[in-house]
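Below are the chains, spelled out letter by letter.
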Amino acid sequence: MTRRVLGGGVAAVLVAGTLVGAAARPFGLSEDGGTFAAAELTAMFEEYGDTSGTWLGADRTASVPLSGDRTLWLFSDTFLGPPAEDGSRPRSSGFINNSAIVQDGDELGRFHFGGTPATPTALVPTASDRDFHWIGDAIADGDTVQVLANRYHRSGAGPLDHELTGTVLADFRESDLTPGPVRELPLGDRISWGSEVMPDGGFTYVYGTEATGAMKFAHLARVAGADLSGAWEFWTGSGWSTAETDSARLLSGVGTNYGVRRVGRHYVLVTQENNLIFSGDFVAYTAKSPAGPFSGPRHLFTAPEVGDGHIVYDADLHLDLSREGRLLISYNVNNLDEAVTYADAGIYRPRFAEVNWPPDGSSARGPSAPEGVTAVADGAGTASLAWRSVPGDDISYRVHRRDVTAGQTHFVRLPGAGPGSATEFRTDFLTNGHEYEFAVTAVDGHGESALSAPATMRATVPAPAAPAGVTTQTLADGRVTVRWGAIPFVQLFKVFHRDLTAGQAKPEPAGSYPGTSATVGPLRPGHDYEITVVAVGGGGDSRPSAGVRVTPTVAPPAAPGRPTAEARADGSIRLSWSPVAPELSYQVFRRDLTTGGGWSPPGLAEDTTFDTGRLVHGHEYEFTVAAVNAGGVGAESPPVRIRADVASPDEAPTRLAVKVRPGVAELRWRSTGSRWYRVFRRDLTIGQKAFTQEEIPVEGTTAVVHNLADGHEYEFAVAAFSDGGMGPRSSAVRARTPSAMPTAVTARSDGPGTVVVEWAETRPGLVYRVRLRDASAGESWRTDPYPVTGSRYETAMLTSGHRYEFRLQLPDGTLSRTAAVTVR
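Rules used throughout
Residue numbers here run from 1 along each chain, matching the order of that chain's written sequence. The model is predicted, so local features are restricted to residues of pLDDT at least 70 and side-chain atom pairs to those at 80 or more, both for listing and for counting; the totals for chains, interfaces and linings are taken over all residues. By convention in this description, side-chain values take in all heavy atoms of the structure and omit both hydrogens and water. Two strands form a pair only when DSSP identifies at least two bridges running between them. Strands here are runs of E lasting at least two residues and helices are runs of H or I lasting at least four, both read from the DSSP assignment and numbered beginning at the N terminus. All axes are obtained by fitting lines to C-alpha atoms, using only the stretch in contact for helices, and the reported angles, taken between N-to-C directions, cover 0 to 180 degrees. Two residues form a contact once any of their heavy atoms are found within 4.5 Å. Residue exposure (1.4 Å probe, protein chains only): buried if accessible area is under 20% of the type maximum, exposed if over 50%, otherwise partly exposed. By nonpolar core we mean a set of buried residues, namely Ala, Val, Leu, Ile, Met, Phe, Trp, Tyr and Cys, connected to one another through side-chain atoms within 4.5 Å. What makes a salt bridge here is a side-chain nitrogen of Lys or Arg within 4 Å of a carboxyl oxygen of Asp or Glu, nothing more. A pair of aromatic rings is counted whenever rings of Phe, Tyr or Trp (Trp by its six-membered ring) have centres within 6.5 Å, and the orientation is called stacked for planes under 30 degrees apart, edge-to-face for over 60 and tilted otherwise. In this scheme, Lys NZ or Arg CZ marks a charge over a ring once it lies within 6 Å of the ring centre and within 35 degrees of the ring normal.

1. What about the sheet that holds strand 57 (residues 743-748)?
Phase 1: Strand order in the open sheet made by the three strands is 57-58-62, with antiparallel pairing throughout. Strands with a single pairing partner mark the edges of an open sheet, and in this sheet they are strand 57 and strand 62 (792-795). Averaged over all pairs of adjacent strands, the angle between strand axes in this sheet comes to 10°, irrespective of strand direction.
Phase 2: By the bridge criterion, four bridges tie strand 58 (residues 755-760) to strand 62 in an arrangement that is antiparallel.

This is how it looks when you write it as structure tokens:
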């Protein structure tokens, strides 16, 4: 997130999650109605950041008019949550790469982001944490908002270490910002398209920025109509081409984002002055067509925040909100020392300024242009300028410069008081070997002269001295803040670290940083590191500074607040809690108060929610949570108690099917999601009215029921159950078991006093008892004392001439048909 220092952040408007922030207090509309004074908008966002509790501050600040007096504000890197009581930004503040706010009338209302309120994310996410999206600009057409977003890859740890990899087009529903498709556009990685989107005539013009070294150049494309997914054409300098590689530079000195709008008969381009590093000036260029040529620059204002040591960047032009005869311009504010921005949450919020337009022209009575301008390289990285004085009263001078070698298209006015009334001046911050042009203007009470004839010079700049006074300060999160002394004419430094404990031989780059401080890491706690700094100047890189040793430390995190607990129907408990700080993991501790047991080994959570899994129904549990970082496990939260409560199943099993075989029924059904089931049966053949529950529960969705009577009709049902009780039964199914009764029972007498009984078995392996009687003698039925297997029975010593009857008794007591024979 430190890349926000130079406006390298990202913004978007996917609305996967929505919070309604506390609306800022209403500000009265300006007298023009529907438009705003700059001070009003600045105060609105200041109030919203202080009171919404959701949006703490952001950069980029693009506006898109919506239907119904609404305005969509798009932001880049966004800090979340409320400020501290002293107005500072808490170190625990959340951070996402992009966000949006919808303004309705004169109130800032809904704050839009991705993810969930507990775990917010960027609205236009990327597949890798090493990538991020930077929002360019957007257009609303009918019920669709189309947003251009540039994808960047983090190539290092410093705020400037990222590279453009592509551009996407994201669609959203205009009425409520519901996200639609996100499409990769067939564009390269040279130009970040979407610095401005300007509908004009039958085309929509898309401006872009090409960053080359310290220079940034404007480019222009267009699409017919208002659909940015259509075919693009690119301005070549003389016409339009369908090949992006033909795109020509319009002018230098623009920011990553800038504003372009048609005002009257001219097109006005407003940008922070980027022909100079960290300039506080904002300028305007004008042209008679969207493609230029652009004349200027005309100085508009200098941001007052630079006087407090802050940096400003990324202008945008809000013509739909501007008052009559004025341009409404936004810009962003930050500081190269993150400790400063954390100390005051109000720094990192949009600012607005107004300028009269069209501006007053210089008086025809102004002074004449200076003559005899000379420029000489002094070999120490500066240029010595001189010129002849201009006649007149109270004449002062301004110096202008153009880096010809870098391709700078327009002269830039050098900042500061300038030479005043003197006719000589020394200028610095030059690049070795570059050819420069210098011009001078004269200023009096009537206006400013035209530029003088330029003087040309090739700069000679030595490499800067090695940084001195390097100091380090360890932070509680394993990072190290490195500080060093300023070096004349140097604004960029490289920081390196070498892990001495690990035996690292070569220093490892920790990123490139503007200013005189950097916060690097986190590094491995307890390891000794050597820190060195290299200055990057117009003459190249300096030698490394003297190494400074430091041992990073990580303090264990603070205790989370008391978690909330929710008993779930499956017997689990869901815990949630507020984050202690970004990128922490957590340990969750549990004990069963009902059994009086001790604390169980902790569970691990990568975010701020945790599901326990199934617990014992009716038991009361106690939970605490502790945050974890490289410094160890922090203090535990206050405990929360809750009773595990398993709900009885509320769904009956379906598609119950039965397949029977002798003595057995096989059941199968569709799962309700429960693990355990009960099987019920009743014997219809013997007239059972109530179902009988099988003794053994069933795990899964199949069961085998044994000990069924042959030839009986049964009814079966199934119900899911849990510790919370029994669920509803399924619809009953009927089935009849096959009969085991032997068939073809016959009896014959083959000899005196003997009988042979034979039959056909329907179920092999059964044991039969033979029942017989002497019918001629009127004898009652008696049972042969010996069981019989197979399909044959023989008996002897019967009375000749008497009629005997025989039948078979099955194990369940049922009897076969009777077979009779007269004994020989």
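2. What about the environment of Asn432?
Phase 1: Tracing the backbone through its elements, the reader meets Asn432 in the loop between strand 28 (424-427) and strand 29 (435-444).
Phase 2: In the structure, Asn432 is positioned 213 residues away from His219 in sequence and 27 Å away in space, judged by C-alpha atoms.
Phase 3: Apart from the residues within four sequence positions on either side, Asn432 is in contact with Ala459, Thr460, Val461, Gly538 and Gly539.

3. Some points on the sheet that holds strand 33 (residues 480-483)
Phase 1: Read across the open sheet, the three strands follow the order 32-33-36; overall the sheet is antiparallel. The sheet is open, and its two borders are formed by strand 32 (471-474) and strand 36 (517-520), each paired with just one other strand. The average angle at which neighbouring strand axes cross in this sheet is 20°, direction not considered.
Phase 2: Looking at chain direction, strand 32 and strand 33 are connected through four bridges and run antiparallel. Across the sheet, Gln473 pairs through a bridge with Thr481, a residue of strand 33.

4. Examining the side chain of Thr481
Phase 1: You can see Thr481 is positioned in strand 33.
Phase 2: For Thr481, a relative accessible area of 9% puts it in the buried group.
Phase 3: Non-local contacts of Thr481, meaning those with residues more than four positions away in its chain, are made with Thr471, Thr472, Gln473, Leu475, Ala518 and Thr519.

5. Remarks on the nonpolar core
Phase 1: Ranked by internal contacts, the top residues of the largest apolar core, which has 36 residues, are Leu41, Phe45, Trp55, Leu72, Trp73, Leu74 and Ile101.
Phase 2: Elements supplying a minimum of two residues to this core: helix 1 (38-51), strand 2 (55-66), strand 3 (70-80), strand 5 (99-104), strand 6 (107-115), strand 8 (131-141), strand 9 (144-154) and strand 10 (162-173).
Phase 3: With residues near it in sequence (within four places) discarded, Phe45 still touches Trp55, Trp73, Phe75, Ile101, Leu108, Arg349, Pro350 and Phe352.
Phase 4: Counting residues in each nonpolar core, the second largest holds 22 residues, with Val412, Leu430, Tyr436 and Ala442 among its members.

6. Quick notes on the pairing of strand 63 (residues 803-809)
Phase 1: With five of seven residues buried, strand 63 is to be regarded as a mostly interior element.
Phase 2: As defined by bridge partners, strand 59 (residues 767-774) adjoins strand 63 across six bridges and the pair is classed as antiparallel. The partner of Val770 across the bridge, within strand 63, is Leu808.
Phase 3: Sheet analysis places strand 63 next to strand 64 (residues 819-822), joined by four bridges and oriented antiparallel. Residue pairing in the sheet places Glu805 in a bridge with Ala820 of strand 64.

7. Some points on the pattern of salt bridges
Phase 1: Under the criterion given, the structure shown has 45 salt bridges.
Phase 2: With a shortest N-O distance of 3.2 Å, Arg349 and Glu46 are connected by a salt bridge. Highlighted residues: Arg349 in the loop between helix 2 (338-343) and strand 23 (351-356) and Glu46 in helix 1, separated in sequence by 303 residues.
Phase 3: Given a relative accessible area of 1%, Arg349 falls into the buried group.
Phase 4: Note that Arg349 and Asp50 form a salt bridge whose closest N and O atoms lie 3.0 Å from each other. Separated by 299 residues along the polypeptide, Arg349 in the loop between helix 2 and strand 23 and Asp50 in helix 1 bring together distant segments of the chain.
Phase 5: Among the charged side chains, a network of salt bridges with common partners joins Arg748, Asp750, Glu758, Arg792 and Glu794.

8. Some details on the packing of aromatic side chains
Phase 1: Under the definition given, this model contains 31 aromatic pairs.
Phase 2: Centroid distance Phe45 to Phe75: 5.8 Å. Interplanar angle 75°. Geometry classified as edge-to-face. Of this pair, Phe45 sits in helix 1 while Phe75 sits in strand 3, and the two are 30 residues apart along the sequence. In this pair, the class of Phe45 matches that of Phe75, namely buried.
Phase 3: On the basis of an interplanar angle of 70° and a centroid distance of 5.6 Å, the ring pair of Trp759 and Tyr768 is categorised as edge-to-face.
Phase 4: Three or more aromatic residues joined by ring pairs form one cluster here, namely Phe45, Tyr48, Trp55, Trp73, Phe75 and Phe352.
Phase 5: Stacked on the ring of Tyr342, the Lys or Arg Arg89 has its end atom at 4.6 Å from the ring centre.
Phase 6: Looking at Arg678, its charged tip hangs above the ring of Phe721, at a distance of 5.3 Å from the centre.

Function-wise, these values are silent; they only describe arrangement.
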